[in-house]
Amino acid sequence: MFIMMAILLKIIFWSCTLAVAHSYVLYPLLLKLLTTGKTLKLPPFYSDAETPDVIVLMAAYNEIAVIRQKLESLLALDYPTDKITIMIGSDNSTDGTNEMVAAYAEKFPRIQFYPFTDRNGKPRIINRLVDQVCKEIKLSDELMFLMTDASVMLAPLTLKRLVRHLRDPQLALVDTNLQTTGLATEGISYSENQYLSGEVLLKYRESLLWQRMIGPFGGCYLMRSSYYQKVPERFLVDDFYIAMKVFEQGGGAINDLEAHCYESVSDEMSEEYRRKVRIGAGNYQNLQNFRHLLWSPIYPLGFAFFSHKVLRWKGPFFIIFALISSSILAVRGYSFFKVLVILQIIVWIGIPALDIMLRKLGIHIRIFRHLRYFVFMNIALLHGFKNYLHGIQTSIWQPTKRS
């Protein structure tokens, strides 16, 4: 009887281990191998006369620390001023953000400011801005939306570099290359930077292979307005929802490594944990909403969605089941699994605990910090799953404190 159970437990352990390894190691290696020698085709810039109209859409809540720099970043874009409109919706900001944006809107006519007097959450703010656009013009393939966050600064040529790709009628969304700033040895910013850099590269390689990049960097991306679908008001990860709706409509999405934008990352574990719990809950919302796209895993979209996102979102459960199954086998006398249990305890508990103690002594070992970051990311996903099960009541957010 136990022989059959032991076989089942071994299958569970190795399946869970393979699932984690596939998403974080094998899938990135596979994409690297398949894209060796390939580069993204870069179309020429539009001339000023043929440049498409772009509407910047941005929600802001208590962003006084960054809002001036953000507005200057948008105004400094190398783009014909008569072809760009900047629409900003304030989610009932109370820290001086409204006064700052209003002053800029008075000085620069291309800035349109909407100071909403109730808390809406980002999806509803963006939806309301789009409604305002629709009152005046019709959404079309030739009208572009630049989605951006207050904390993300754009290089002057970023918009031109994004827009050029939409010469291709098959493309509907183009993502930027996020560059992180404000890195500090003491906290998690280097680990966050490594994770984000890896994500950018992974999405770029998905672009090269399939034009099906799985989820843009929500802080700055460009899309054809005709593909915009309103985000449900309680959804927490709007950028992923918007991208998957693009795929449902047959549009493509790519990442351009030359389209740079910059954001200061958080260095505090507690601050980033709060953000990742929120993202984790939003991930499960999106998985529930787009699970039908997984029915064709042998095709690019289903395979990329499953490998890049779904397995990662389920990673905490794989880690737990691997530990439980190997522990039962170890208790039953399987020496090999006794060693594996010890290794898992060292990796998932011992090294993160050691990193906490070493940090208090002013000692920072990068590999230990990366591992603790990975563990805390998965704990945040579990926390987010619990919040998802309890029901998401609102998409109202608080800005992340950054370096």
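Everything numeric here is computed off the predicted structure, so don't read it as measured data.

Asker: I would appreciate a short explanation of the overall build of the protein chain in the present structure.
Answerer: Summing up its helical and strand segments, the protein chain has 12 helices and 8 strands in all. For a compact globule of 403 residues, the expected C-alpha radius of gyration is about 22 Å, and the protein chain comes in at 23 Å, within 12% of that figure. Projecting the C-alpha coordinates of the protein chain onto the three principal axes gives extents of approximately 75 × 45 × 40 Å. Among the 403 residues that make up the protein chain, the fraction classed as buried is 53%. For the protein chain, the accessible area works out to roughly 18,400 Å², and carbon and sulfur atoms hold 61% of it. Treating the 44 positive side-chain charges of the protein chain as one cloud and the 35 negative ones as another, the clouds have centres 9 Å apart.

Asker: Would you mind showing me how to read the environment of Arg369 here?
Answerer: Among the structural elements, Arg369 can be located in helix 12 (residues 366-390). Judged by relative accessible area, Arg369 falls into the buried class, the value being 4%. Taking the C-alpha atoms as reference, Arg369 lies 9.8 Å from Ser189; in sequence the two are 180 residues apart. Looking at Arg369, its side chain comes within polar contact range of the side chain of Asp355, at 2.7 Å. Side chain to side chain, Arg369 and His364 meet in a polar contact 3.1 Å long.

Asker: What should I look at first to understand the pairing of strand 1 (residues 53-60) in this one?
Answerer: Burial analysis of strand 1 places 7 of its 8 residues in the buried class, the great majority of the element. Note that strand 1 and strand 4 (residues 143-148) share 5 bridges and pair parallel. Bridging across to strand 4, Val54 finds its partner in Met144. Of the pairings in the sheet, the one linking strand 1 to strand 2 (residues 84-91) comprises 7 bridges and is parallel in character. Looking across to strand 2, one finds that Ala59 is bridged to Gly89.

Asker: I would appreciate a short explanation of the environment of Ile320 in the present structure.
Answerer: In this structure, Ile320 sits in helix 10 (residues 315-331). Owing to a relative accessible area of 35%, Ile320 belongs among the partly exposed residues under this scheme. Considering only alpha carbons, one finds Ile320 and Cys16, 304 residues apart in sequence, at a separation of 8.9 Å.

Asker: Looking at this structure, how should I read the packing of helix 7 (residues 238-248) against helix 9 (residues 300-313)?
Answerer: Packed helix pairs are specified by the crossing angle of their axes together with the interaxial distance, meaning the distance between the axes. Remark: helix 7 packs on helix 9, axes separated minimally by 13 Å, with the N-to-C direction vectors making an angle of 160°. Considered as vectors, helix 7 and helix 9 are oriented roughly antiparallel to each other. At the point where helix 7 passes helix 9, the crossing takes the left-handed sense. Together, Phe240, Met244 and Phe247 of helix 7 and Leu301, Phe305, Lys309 and Trp313 of helix 9 make up the contact between the two elements. Residues of the contact of helix 7 with helix 9, tallied by class, amount to 6 nonpolar, no polar and 1 charged.

Asker: How do you make sense of the layout of surface pockets when you look at a structure like this?
Answerer: A water-sized probe rolled over the atoms picks out the places where empty space is left. Its boundaries defined by the atoms lining it, the second largest pocket holds a volume of some 640 Å³. If you trace the second largest pocket, you find 27 residues lining it, with Val20, Tyr24, Val25, Arg312 and Phe374 closest to the centre. Broken down by secondary-structure element, the contributors of at least two residues to the lining of the second largest pocket are helix 1 (2-34), helix 6 (189-210), helix 10, helix 11 (335-360) and helix 12. When grouped by side-chain class, the residues that make up the lining of the second largest pocket number 18 nonpolar, 6 polar and 3 charged.

Asker: It is not clear to me how empty space enclosed by the protein should be interpreted in this structure. Could you clarify?
Answerer: Scanning the model with the defined rule gives 4 cavities of 30 Å³ or more in all. Considering only enclosed or pocket space, the largest cavity measures out at about 60 Å³ in volume. In terms of lining, the largest cavity is formed by Ala184, Thr185, Gly187, Tyr190, His364, Ile365, Arg366 and Arg369. Grouping the constituent residues of the lining of the largest cavity by class yields 3 nonpolar, 3 polar and 2 charged. Estimates place the volume of the second largest cavity at around 40 Å³. Lining the second largest cavity are Phe45, Tyr46, Thr51, Tyr79, Lys160, Val163 and Arg164. In terms of residue class, the lining of the second largest cavity is made up of 4 nonpolar, 1 polar and 2 charged.

About the thresholds
Residue indices follow the written sequence of each chain, beginning from 1 at its first position. Restriction of local features to residues with pLDDT of at least 70 applies here, the model being predicted, together with a cutoff of 80 or more for giving and counting side-chain atom pairs; totals for whole chains, interfaces and linings are based on all residues. Water and hydrogen atoms were dropped before computing side-chain values, which therefore reflect all heavy atoms in the structure. Only DSSP runs of H or I reaching four residues or more are called helices, and only runs of E reaching two or more are called strands; each is numbered from the N terminus. Radius of gyration here uses only the C-alpha atoms, and the compact-globule reference equals 2.2 Å multiplied by the residue count raised to the power 0.38. When a residue's accessible area, from a 1.4 Å probe over protein chains only, is under 20% of the maximum for its type it is buried; when over 50% it is exposed; and in between it is partly exposed. Reported accessibility uses the Shrake-Rupley method at a 1.4 Å probe radius. Residues are deemed covered only where the shown protein chains occlude them. Under this rule, positive means Lys or Arg and negative means Asp or Glu; His and the chain ends count for nothing. Where a charge lies is defined by one atom per residue type, namely NZ (Lys), CZ (Arg), CG (Asp) and CD (Glu). Any pair of N or O atoms that falls within 3.5 Å is considered a polar contact. Within protein, one atom must be able to donate a hydrogen and the other to accept it, and sequence-neighbouring residues count only if both atoms are side-chain atoms. Paired strands, as defined in this entry, are two strands with at least two bridges between them according to DSSP. To get an axis, a line is fitted to the C-alpha atoms, and for a helix only the part in contact is used. The angle between two axes follows their N-to-C directions and goes from 0 to 180 degrees. Our angle categories are set so that under 35 degrees counts as roughly parallel, over 145 as roughly antiparallel, 65 to 115 as roughly perpendicular, and the remainder as oblique. By convention, the crossing between two helices is left-handed when the near helix turns anticlockwise from the far helix through less than a right angle, and right-handed when the turn is clockwise. Residue contacts are counted whenever heavy atoms from the two residues lie within 4.5 Å of one another. Following the grouping adopted for this structure description, the nonpolar residues are Ala, Val, Leu, Ile, Met, Phe, Trp, Tyr, Cys and Pro, the charged ones are Asp, Glu, Lys and Arg, and the polar ones are all others, Gly among them. Cavities and pockets were defined on a 1 Å grid built over protein atoms only: a cavity is a set of grid points that admits a 1.4 Å probe from which the probe cannot escape, a pocket is an open set flanked by protein on both sides within 12 Å along at least five of seven lines, and lining residues are those with an atom within 4 Å of any such point. Grid points are joined across faces, edges and corners, and a volume is the space filled by probe spheres set on the points.

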